[in-house]
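In case you want the letters, here they are:
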Amino acid sequence: MDKFMGLPAEKRKNIIDAALATFGKMGYKKASINDIATTAGISKGLVFHYFGNKKALYLYLMEFTGDIVMGEMNRRFDKNIPDFFDRIRLATEIKMSLLEKYPAILKFMGSMYYETDKEVAENIKGVLEQSEEFRGGLAFDGMDASKFKEGVDPQLVYNILIKFSEGYVSGAPGAAEPDFNKLLSEFEACLCLMKNNFYREEFL
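Predicted, not measured: the structure shown is a model, and the values here were computed from it.

1. Let's talk about the packing of aromatic side chains
Using the criterion set out here, one finds 17 aromatic pairs in the structure. Considering the side-chain rings of Phe-51 and Tyr-60, the 5.6 Å spacing of their centres and the 45° angle between planes classify their relative orientation as tilted. Per residue, the accessibility class of Phe-51 equals that of Tyr-60, and both read buried. These aromatic residues form a ring-pair network of at least three members: Phe-84, Phe-85, Phe-140, Phe-148, Tyr-158 and Tyr-199. Geometry around Tyr-28 places Lys-54 over its ring, the cationic atom sitting 4.4 Å from the centre.

This is the structure in structure tokens:
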């Protein structure tokens, strides 16, 4: 790993992008070091030289993507926003903005939800649990629950929104790339619909 980190930033990014795209499209089991090397335009031997094996590379990407997303959220998310839907909207906008630098990052993270290979399943489980805890904190810590109508469970609303966004953004490995402009438009419409139906009238 030290040898990889010693590479120029542009070369590191090229390998990372290739690995994210390959694993995101094919999943862990079907993706090969040769596929990643071909996409990156380097020799297979160099990938082994930098990471040792496929699992080590995959685990590195899991840590890398988690650090990128959490770091960006910690830097840009405004925890003083009390409105539930405004918090969800801001978190989504931040996540989408990461596509500009790492276009394949969301596809890779989405593919993790479908990954069942025993070689990495336990590692993925731990990462997803940590991610869910972090994501829930963004939605609920400091949120004003009094705006919801009586009988509406904010946690259930949150779960629906998460499933909606993940279904569009992630998709199963091999699925076509989503139209992110369309996704954001539909997600915004979904937020407005839920807010109009689940908030008390005085908060609309």
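So much for the structure itself; the text now carries on.
2. Some remarks on helix α2 (residues 9-30)
Helix geometry: α2 is bent most strongly at Gly-24, by close to 75°. By the burial criterion, the buried members of α2 are Ile-15, Ile-16, Ala-18, Ala-19, Leu-20, Thr-22, Phe-23, Gly-24, Gly-27 and Tyr-28. Among the structural elements, α1 (2-5), α3 (33-40), α4 (44-51), α5 (54-76), α7 (105-112) and α8 (118-140) are those in contact with the buried residues of α2.

3. A short note on the side chain of Arg-135
Within the element layout of this structure, Arg-135 appears in helix α8. On the accessibility criterion, Arg-135 (17% relative accessible area) is buried.

4. Quick notes on the nonpolar core
Ranked by internal contacts, the top residues of the largest apolar core, which has 44 residues, are Phe-23, Leu-57, Tyr-58, Leu-61 and Phe-108. Looking at this core, the elements with two or more residues in it are α2, α3, α4, α5, α6 (84-97), α7 and α8. In terms of residues, this core owes the most to one element, α5, which gives eight residues. When residues no more than four places from it in sequence are discounted, the contact partners of Leu-57 are Ala-19, Phe-23, Ile-33, Ile-36, Val-47 and Phe-51. Of all hydrophobic cores here, the second largest spans 15 residues; its members include Ile-88, Phe-187, Leu-191 and Tyr-199.

5. Some words on the packing of α2 against α5
Packing of α2 against α5 leaves a shortest axis separation of 11 Å and a crossing angle of 110°. By the angle class used here, α2 and α5 are roughly perpendicular. The two elements α2 and α5 meet at a crossing, and its hand is left-handed. Between α2, through Ile-16, Ala-19, Leu-20, Phe-23, Tyr-28 and Lys-29, and α5, the contact on the second element is made entirely by Lys-54, Lys-55, Leu-57, Tyr-58, Tyr-60, Leu-61, Phe-64 and Thr-65. Here the contact of α2 with α5 is composed, by residue class, of 10 nonpolar, one polar and three charged.

Parameters and conventions
Residues numbered from 1 in each chain as written. Predicted model: local features only at pLDDT ≥ 70, side-chain atom pairs only at ≥ 80, totals over all residues. Heavy atoms only, no water. Phe/Tyr/Trp six-rings, centres within 6.5 Å; stacked < 30°, edge-to-face > 60°. Buried < 20%, exposed > 50% of the residue type's maximum accessible area, 1.4 Å probe, protein only. Lys NZ or Arg CZ within 6 Å of the ring centre and 35° of its normal. Bend = angle between axes of the 7 residues up to and from the residue. Helix = DSSP H or I, 4+ residues; strand = E, 2+ residues; numbered from the N terminus. Contact = heavy atoms within 4.5 Å. Core = buried A, V, L, I, M, F, W, Y, C linked by side-chain atoms within 4.5 Å. Axes fitted to C-alpha atoms, helices over the stretch in contact; angles between N-to-C directions. Parallel < 35°, antiparallel > 145°, perpendicular 65-115°, else oblique. Left-handed = near helix turned anticlockwise from the far one by under 90°. Nonpolar A, V, L, I, M, F, W, Y, C, P; charged D, E, K, R; others polar.

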